Every structure is written in structure tokens, then in C-alpha cells.
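A closer look at the structure
Listed below, chain by chain, are the residues.
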Amino acid sequence: MSLLLVSDLHLDAARPATTRAFLDLLAGEARDCEGLYILGDLFEAWVGDDDPGEPGASVCAALRALSDSGVPLYLMRGNRDFLYGQRMAERTGATLLPDPCVAVLQGVPTLLMHGDLLCTDDAAYQAFRRQVRDPAWQAQFLAQPLAVRQAFAAQARAASREHQQGLSETITDVNPRAVAETMARYGVTRLIHGHTHRPAMHALEVGGRPAQRFVLGDWYDQGSVLRIHADGEVLEALAVPGAGAAATA
């Protein structure tokens, strides 16, 4: 038995192979796990819990089937799906996690984040994040017709791609000082996040103690799953036949 953690699937109707791979995980290995954590950007865009479109409808139904089977399901908002509301939690049976939060995973206090808060060198993105996370902005946005929200999401994705192309990898990655300060603030020696699309396990030191930072990969060209067992962690790439697209955070 293990815990499963994923992030940055960016599920979208234009990439059905990735959706099929995730649905297979939900119907297969996830049914026997101790809990599934999705740390943001499950979808390429989420413009409100009232959107009935695909792949949202199928994926939410599969998540509900998983939680109804008795598997604990945890869902964190990312930079693409920050508009999850209580209706999403009810629709899937998931517990919505704040970002960041500390969870005890296999006996180890672990800081869970989407990861974008750690990219402090990208000042323009952080300003955008503060704007769209403001409750007043969200209420105004969600009051607009669905078609208007969908058009805004498409424009935002295009702007994000253009913004990313003009930045160095250093700016789009996490800031090491922000990582160390955040882990010290929460008193943890293990951090798990996504967002940067750079899957890896990093050894570091926090407050004079050895620590670990696990980065979950995206699901564009392959899948990425972190399995946490009682005796350790395994970060694995999963084959997704037919997948492949340009990736942006």
C-alpha cells in the first residue's frame, strides 16, 4: 500500500491520450492506494465548477467513483485551476487542500504545494497570481457567462506561453532561498510540489538538518507519479501512448 501524488496533468480535450492514462490510473492502481493527492493543474483550464464540458465531466465522475470506493482523495488548486469551489469538492468527493499545507504522509510531516509560490523571481507572474486569487476578482469573474470565461482562459494561456518564452529557466524555476525559508517556516524536512515540470528529488539542508524536495513532473509527453511507501519514496515516469505537446507551466 502506498500514497500516490500527481500534479500538472493539464487535462484538455485536445490531448485525449493523457486523459485516458489518468482514467486508467484511477480505475487501476489508485483503487488500492492509501490516498491520492493531486497538487494542482489537473486541468489545462478550469473556469468554474459550473462548466459541464469534457474532459472535466468524465474525470470528475471517475474521481467520485474513486472516493466512493473508500480511497481518500485530496485536491489542491494550481495556477490553471485556481477556481475550484465547494461544488467541485462535492462533485468529486475530494478534500480541497490549501496551498501550502502540511500533511503527515507515512509518518513524516510533509509540506505540500503546487509550487508557483516558490517561483519568486518571476515578479510579473506573482503579481498576476495575487490578482486572480483575490476573492473579489474571482466573484466578479465567475459572475460572467461561461463563454466569456472560456475566452479569457484561452487568452490567458496564450499570454502565459508568450511570457514563458521570454524568460530564462532560472526565473521560471523555484528560488532556492524561498524553498529553504518556506520549509523552515513550516518546520518540515520534506517538501513535495509540481508546477515547474522538472521532475526530480533534491537533497538540501534546512535549519542544519538534511531535507528533501520532490518535484512532480507534468503529463505532456509522459505521466509522473510519486509513490510514498512506509520505507521510502519512488518518483516514476509513466508511459502515455499517443501523448505529446508543447509544455508550459
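Shown above is the structure to which this text applies.
This section reports on the structure supplied with the text. (Residues numbered from 1 in each chain as written. Predicted model: local features only at pLDDT ≥ 70, side-chain atom pairs only at ≥ 80, totals over all residues. Heavy atoms only, no water.)

1. Some words on empty space enclosed by the protein
Rolled over the atoms, a probe with the dimensions of a water molecule shows which regions are left empty. Evaluated as defined, the whole model comprises one cavity of 30 Å³ or more. Of the voids in this model, the largest cavity is the one considered here, and its volume is about 30 Å³. If you go around the largest cavity, the residues you meet are G78, N79, F82, Y125, F128, R129, V132 and R133. Of the residues contributing to the lining of the largest cavity, the split by class is four nonpolar, two polar and two charged. (1 Å grid on protein atoms, 1.4 Å probe; cavity = no way out; pocket = protein on both sides within 12 Å on 5 of 7 lines; lining within 4 Å. Points joined across faces, edges and corners; volume = space filled by probe spheres on them. Nonpolar A, V, L, I, M, F, W, Y, C, P; charged D, E, K, R; others polar.)

2. Comments concerning the sheet that holds strand 5 (residues 101-105)
Ordered by their spatial adjacency, five strands build an open sheet running 5-6-7-9-8, and the pairing between neighbours is mixed. With partners counted over all chains shown, the strands left at the sheet margins are strand 5 and strand 8 (200-206), one partner each. The average undirected angle you get between the axes of adjacent strands in this sheet is 30°. In this structure, strand 6 (residues 108-112) lies alongside strand 7 (residues 190-193), joined through two bridges in parallel fashion. Residue pairing in the sheet places L112 in a bridge with I192 of strand 7. Contacts from helix 8 (residues 176-186) reach strand 5, strand 6, strand 7, strand 8 and strand 9 (209-215), with the element oriented near 65° to strand 8. (Pairing = 2+ DSSP bridges. Helix = DSSP H or I, 4+ residues; strand = E, 2+ residues; numbered from the N terminus. Axes fitted to C-alpha atoms, helices over the stretch in contact; angles between N-to-C directions. Contact = heavy atoms within 4.5 Å.)

3. Looking at the packing of aromatic side chains
Throughout the structure, instances matching the rule amount to eight aromatic pairs. Between F22 and W219, the ring centres sit 6.1 Å apart and the planes meet at 90°, which makes this aromatic pair edge-to-face. Taken together, the positions of F22 in helix 1 (residues 16-27) and W219 in the loop between strand 9 and strand 10 (223-229) put the pair 197 residues apart, joining distant regions of the chain. There is no split in this pair, since F22 and W219 are both buried. Taken together, the ring pairs connect F82, W137, F141 and F152 into an aromatic cluster. (Phe/Tyr/Trp six-rings, centres within 6.5 Å; stacked < 30°, edge-to-face > 60°. Buried < 20%, exposed > 50% of the residue type's maximum accessible area, 1.4 Å probe, protein only.)

4. Considerations on the nonpolar core
One broad rule of soluble globular proteins: the nonpolar side chains tend to lie buried together. In this structure, V6, F22, I38, L42 and W219 are the most contacted members of the largest nonpolar core, which totals 38 residues. Of all the secondary structure elements, the ones that give two or more residues to this core are strand 1 (3-6), helix 1, strand 2 (35-39), helix 2 (56-68), strand 3 (73-76), helix 3 (86-92) and helix 5 (135-142). (Core = buried A, V, L, I, M, F, W, Y, C linked by side-chain atoms within 4.5 Å.)

5. Some thoughts on the environment of G208
Following the sequence through the fold, G208 ends up in the loop between strand 8 and strand 9. In this structure, the C-alpha to C-alpha distance between G208 and L83, residues 125 residues apart in sequence, is 38 Å.

6. Here's the deal with the pattern of salt bridges
Opposite charge on two side chains makes pairing possible when the charged atoms of those side chains draw close. According to the stated counting rule, one finds 10 salt bridges in the structure shown. In this structure, D116 engages R129 in a salt bridge whose closest nitrogen and oxygen atoms are separated by 2.9 Å. Residue D116 is found in the loop between strand 6 and helix 4 (123-132), and its partner R129 is found in helix 4; the two are separated by 13 residues along the sequence. A relative accessible area of 0% means that D116 is categorised as buried. (Salt bridge = Lys/Arg side-chain N within 4 Å of Asp/Glu carboxyl O.)

7. Overview of the pairing of strand 2
With five of five residues buried, strand 2 is to be regarded as a mostly interior element. Of the two faces of strand 2, the one carrying G35, Y37 and L39 and the one carrying L36 and I38 are both buried. Note that strand 1 and strand 2 share four bridges and pair parallel. Bridged to L3 within strand 2 is G35. Crossover strand 1 to strand 2 through helix 1 is right-handed. (Right-handed = clockwise from strand over helix to strand, strands pointing away.)

8. Looking at the packing of helix 1 against helix 2
A pair of packed helices is captured by two measures, namely the crossing angle of their axes and the spacing between those axes. At a minimum axis separation of 10 Å, helix 1 and helix 2 run at an interaxial angle of 10°. What the angle tells us is that helix 1 and helix 2 run roughly parallel. Along its contact with helix 1, which presents T19, F22, L23 and L26, the element helix 2 presents S58, V59, A62, L63 and L66. Here the residues of the contact of helix 1 with helix 2 sort into seven nonpolar, two polar and no charged. (Parallel < 35°, antiparallel > 145°, perpendicular 65-115°, else oblique.)

9. Some thoughts on the sheet that holds strand 1
Ordered in space as 4-3-2-1-10-11, the six strands form an open sheet in which the pairing is mixed. For this open sheet the edge positions go to strand 4 (95-97) and strand 11 (232-238), each flanked by a neighbour on one side alone. Sheet twist, expressed as the average angle between the axes of neighbouring strands with direction ignored, equals 20°. As paired strands, strand 10 and strand 11 are joined by seven bridges and run antiparallel to one another. Within the sheet, the bridge partner assigned to L226 lies in strand 11 and is L235.

No statement about biological role is implied by the geometric values presented.
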